[in-house]
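Fold and geometry: a report
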Amino acid sequence: MRREGTNLEEVRMEDVLCDYCHSSWTLDRPMIEGHHGSCICGTCLRTAYSAVHLGGCNDATDGQTSKCTMCLEERPDACFHSPAYPDAIICLRCIKMAAKALTRDPDSNWKPPTDSTTA
Ligand SMILES: [Zn+2]
Ligand SMILES: [Zn+2]
């Protein structure tokens, strides 16, 4: 997301906020952007990756779909809800895509956690 009052002509790093923890984008906090300016930072992505991809956690209940904040689709698959901002949801597909993108980015220094205890 963008910080309130962001000049859209000239978006600065500190105007880009993670939808899942509302931290701003810094050099040591890589960000992956979704649709409509939605973003997830490396820290939240790591938590989501551990919880959903490795831990099999699924916050979606009773076959309900959740609207993913990143891809804006109603997703029936496993989703991660931000503990701090429950409206911020990321689906497993977006978690995997974001993890791939961050892993490929040499500047991000980001690696996916290898098991659910290393988050
Ligand atoms: Zn975050
Ligand atoms: Zn998604």
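Rules used throughout
- Residues numbered from 1 in each chain as written.
- Chains lettered and ligands numbered in written order.
- Predicted model: local features only at pLDDT ≥ 70, side-chain atom pairs only at ≥ 80, totals over all residues.
- Heavy atoms only, no water.
- Helix = DSSP H or I, 4+ residues; strand = E, 2+ residues; numbered from the N terminus.
- Buried < 20%, exposed > 50% of the residue type's maximum accessible area, 1.4 Å probe, protein only.
- Polar contact = N/O pair within 3.5 Å; in protein donor to acceptor, adjacent residues only side chain to side chain.
- pLDDT = per-residue confidence, 0-100.
- Donors = N, O, S within 2.8 Å, 3.2 Å for Na, K, Ca; no water.
- Tetrahedral: all angles 85-135°; square planar, octahedral: opposite > 155°, others 65-115°.
- Salt bridge = Lys/Arg side-chain N within 4 Å of Asp/Glu carboxyl O.
- Phe/Tyr/Trp six-rings, centres within 6.5 Å; stacked < 30°, edge-to-face > 60°.

**Examining the environment of Thr-47**
Among the secondary structure elements, Thr-47 is positioned in helix H1 (residues 42-54). Judged by its relative accessible area of 35%, Thr-47 falls in the partly exposed class. Sequence separation between Thr-47 and Pro-112 is 65 residues, and the spatial gap between their C-alpha atoms is 9.7 Å. A polar contact is formed between the side chain of Thr-47 and the backbone oxygen of Thr-43, at a distance of 3.1 Å.

**A few points about the confidence of the model for the protein**
Considering every residue of the protein, the mean pLDDT works out to 88; 88% of them sit at 70 or more. At the low end of the mean pLDDT range in the protein sits strand E3 (residues 66-67), at 88; at the high end sits strand E2 (residues 39-41), at 97.

**Comments concerning the coordination of the zinc ion (ligand 2)**
On the protein side, the zinc ion (ligand 2) has Cys-68 (SG), Cys-71 (SG), Cys-91 (SG) and Cys-94 (SG) as donor atoms, found 2.3 Å from it. Note that the zinc ion (ligand 2) binds 4 donor atoms; their angles at the metal cover 103 to 119 degrees, and the shape is tetrahedral.

**Some thoughts on the pattern of salt bridges**
Under the definition given, this model contains 6 salt bridges. Between Asp-15 and Arg-3 there is a salt bridge whose closest N-O contact spans 4.0 Å. Here Asp-15, found in the segment before strand E1 (31-33), pairs with Arg-3, found in the segment before E1; they are 12 residues apart in sequence, far enough to count as distant. Assessed through its relative accessible area of 4%, Asp-15 is described here as buried.

**Focus: the packing of aromatic side chains**
A complete count under the given rule lists 1 aromatic pair for this structure. Where Tyr-49 meets Trp-110, the ring centres are 6.4 Å apart and the plane angle is 80 degrees; that geometry is what we call edge-to-face. Taken together, the residues Tyr-49 in helix H1 and Trp-110 in the segment after helix H2 (92-104) connect sequence positions 61 residues apart. Note on Tyr-49: relative accessible area 13%, which makes it buried.

**Concerning the coordination of the zinc ion (ligand 1)**
At 2.2 to 2.3 Å from the zinc ion (ligand 1) lie its protein donor atoms, namely Cys-18 (SG), Cys-21 (SG), Cys-41 (SG) and Cys-44 (SG). Coordination at the zinc ion (ligand 1) comes from 4 donor atoms whose angles at the metal span 103 to 115 degrees, giving a geometry best classed as tetrahedral. Spacing between the donor residues of the zinc ion (ligand 1) along their common chain follows C-x2-C-x19-C-x2-C. One end of the pair, Cys-18, is in the segment before E1; the other, Cys-41, is in strand E2, with 23 residues separating them in the sequence.

**Focus: unusual backbone geometry**
In the Ramachandran plot, His-22 falls in the positive-phi region, its phi being about 60 degrees despite a non-glycine side chain. For His-22, the position within the fold is in the segment before E1. Its identity is not glycine, yet His-36 carries a phi of approximately 55 degrees, on the positive side. Within the secondary structure, His-36 is located in the loop between E1 and E2.

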